Amino acid sequence: MWYVRLSLNISSNMNTIVAGLLLIFVAATTAANLPETFISCKKSDPKWIECLGDASIDAVRKLGKGLKAYKILPLDPLKISGISIGEAGGSVSVKQEYKNVEVHGLTKNLEKRNFNFDWDKLILSIEAYNPQVDFVGKYKVEGKVLLLPIRGSGDSNITMLNLITRVNLQFEKYTKNGEEYAKIKTFKVKFIPEKVHLIFKNLFDGDPVLAPPMEKFLDENSDILFKELQSSYETSFGLVFKQIGNELFSRVTLKEIFPE
């Protein structure tokens with residue numbers, strides 16, 4: 001079983017807050033605090049759910065480059081200070097540490113495939129498409145891949161092509177200072193890429209005998225290896241966005257998020 005430890009620089013990195021806000025579609029529903037070009041959705045609208053879905057994608061695209069007037073830094077790339085993933089049993093058991101991570105491609109050519117929000121149960125389901133998402137950062141790994149030892153540190157790039165992302169969130173309400181708020185109880189993410197490329201530079205400290213064969217092996221078996229590591233990445237990003245989202249939701253009341 002994988003364990004995940006996160007290090008998020010939320011207080012000083014406003015674009016991570018914006019990323020969570022957008023991915024959980026809050027920007028779309030709190031348009032009163034954003035420029036008039038942003039779509040606002042009211043619960044009284046018979047097509048409220050459809051409006052939320054369209055407004056969310058619209059907000060993601062518009063905030064991809066940030067909003068200087070509102071002191072909102074660009075969403076793309078999304079910056080994460082660090083992620084640590086513990087090794088697990090199985091054919092791929094690798095302890096992974098990533099620092100100074102940047103996730104590129106979250107907004108470019110983003111498409112909504114499916115969107116549903118059950119207000120009574122407070123369950124949100126989203127399916128979106130990105131042509132390419134790159135997870136770039138400094139890495140350190142140690143463990144085994146299909147019984148082969150692997151270790152190294154340096155630059156890494158995990159590229160997912162034609163990526164379908166499915167997100168399911170469960171919210172719960174609570175009261176603070178007489179006002180009703182929401183927080184994320186669970187945030188589940190599923191990545192379904194058509195193709196994956198795994199690039200880890202400087203394996204085995206750049207050993208000219210050990211590094212090239214492993215780099216070639218990773219490249220030729222990226223899709224298979226990604227499936228083994230997939231659950232750890234999904235758990236990591238679920239925790240990342242849950243933490244970011246709850247940081248935001250603690251500042252905005254339900255009435256502000258979902259105007260009548």
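It should be emphasised that the depicted structure is a prediction, and the values quoted were computed from it without experimental measurement.

Novice: It is not clear to me how the overall build of the protein chain should be interpreted in this structure. Could you clarify?
Specialist: Scanning the protein chain for helices and strands turns up six helices and eight strands. Secondary structure of the protein chain in N-to-C order comes out as β-α-α-α-β-β-β-β-β-β-β-α-α-α. Scored against the burial criterion, the 260 residues of the protein chain give a buried share of 48%. Put simply, 71% of the contacts in the protein chain that link residues at least 6 apart link residues at least 24 apart. A total of about 13300 Å² of accessible surface is found on the protein chain, and carbon and sulfur atoms cover 51% of it.

Novice: Help me understand the side chain of Thr159 in this model?
Specialist: Locating Thr159 in the fold gives a position in strand S6 (residues 148-176). For Thr159, the side chain forms a polar contact with the side chain of Asp134, separated by 2.5 Å. A polar side-chain atom of Thr159 sits 3.0 Å from a polar atom in the side chain of Asn157. Residues contacting Thr159, with those up to four places away along its chain left out, are Gln132, Val133, Asp134, Lys195, Val196 and His197.

Novice: Looking at this structure, how should I read the pairing of strand S3 (residues 92-104)?
Specialist: Every regular strand shows the same layout, with side chains that alternate between the two sheet faces. Inspection of the sheet shows strand S2 (residues 78-85) paired to S3 by seven bridges, in the antiparallel sense. Pairing of Gly82 across the sheet is with Lys99, part of S3. Inspection of the sheet shows S3 paired to strand S5 (residues 123-145) by eleven bridges, in the antiparallel sense. Directly across from Tyr98, in S5, lies its bridge partner Tyr139.

Novice: Explanation requested: unusual backbone geometry in the structure shown.
Specialist: A negative phi angle is the norm for most residues apart from glycine, just as the trans form is the norm for most peptide bonds. Phi at Leu122 is positive, roughly 55°, even though this residue is not glycine. On the secondary structure map, Leu122 appears in the loop between strand S4 (111-118) and S5. On the basis of relative accessibility, which here comes to 8%, the residue Leu122 falls in the buried class. Positive phi is not limited to glycine here, since Leu146 has a value of about 50°. Along the chain, the position of Leu146 falls in the loop between S5 and S6. Since its relative accessible area comes to 39%, Leu146 is described here as partly exposed.

Novice: What is the right way to read the pattern of salt bridges from this model?
Specialist: Oppositely charged side chains can pair when the atoms bearing their charge come close. Under the criterion given, the structure shown has eight salt bridges. Between Glu111 and Arg113 there is a salt bridge, and its shortest N-O distance comes to 3.4 Å. Here Glu111 falls in the partly exposed class, since its relative accessible area comes to 34%. A relative accessible area of 42% means that Arg113 is categorised as partly exposed. With a closest N to O distance of 2.8 Å, Glu127 and Arg166 form a salt bridge. Pair noted here: Glu127 is in strand S5 and Arg166 is in strand S6, with a separation of 39 residues, a long-range link.

Novice: How should the nonpolar core be read in this particular structure?
Specialist: What tends to happen in soluble globular proteins is that the nonpolar side chains get buried as a cluster. Val103, Phe117, Phe171, Phe200 and Leu203 are the most contacted members of the largest nonpolar core, which has 63 residues in total. The biggest single contributor to this core is helix H5 (residues 222-249), with nine residues. In this structure, Phe117 is in contact with Trp48, Ile49, Leu52, Leu122, Ile123, Leu124, Phe171 and Phe258, ignoring residues within four places of it in sequence.

Novice: What is the right way to look at the environment of Glu234 in this model?
Specialist: Checked against the element boundaries, Glu234 lands in helix H5. Using a relative accessible area of 10% as the deciding quantity, one classes Glu234 as buried. Expressed as a C-alpha distance, the spacing of Glu234 and Val189, which sit 45 residues apart in the sequence, is 5.4 Å. Polar side-chain contacts of Glu234 include one of 2.9 Å to the backbone nitrogen of Phe191.

Novice: Explain the pairing of S5 here, please?
Specialist: Bridge count between S4 and S5: seven bridges; the pairing is antiparallel. Among the inter-strand pairings, Glu111 is bridged to a residue of S5, identified as Tyr129. Here 22 bridges tie S5 to S6, and the two strands are oriented antiparallel to one another. Paired with Ser125 across the bridge in S6 is Asn168.

Novice: Teacher, can you tell me more about the environment of Ala128 here?
Specialist: Residue placement: Ala128 occurs in strand S5. Through-space distance from the C-alpha of Ala128 to that of Arg113 is 5.1 Å; in sequence the pair is 15 residues apart. Here Ala128 is in contact with Leu110, Glu111, Arg113, Leu163, Ile164 and Thr165, once residues within four sequence places are set aside.

Conventions and cut-offs
Residues numbered from 1 in each chain as written. Predicted model: local features only at pLDDT ≥ 70, side-chain atom pairs only at ≥ 80, totals over all residues. Heavy atoms only, no water. Helix = DSSP H or I, 4+ residues; strand = E, 2+ residues; numbered from the N terminus. Buried < 20%, exposed > 50% of the residue type's maximum accessible area, 1.4 Å probe, protein only. Contact = heavy atoms within 4.5 Å. Areas by Shrake-Rupley, 256 points an atom, 1.4 Å probe, with all protein chains shown as cover. Polar contact = N/O pair within 3.5 Å; in protein donor to acceptor, adjacent residues only side chain to side chain. Pairing = 2+ DSSP bridges. Salt bridge = Lys/Arg side-chain N within 4 Å of Asp/Glu carboxyl O. Core = buried A, V, L, I, M, F, W, Y, C linked by side-chain atoms within 4.5 Å.

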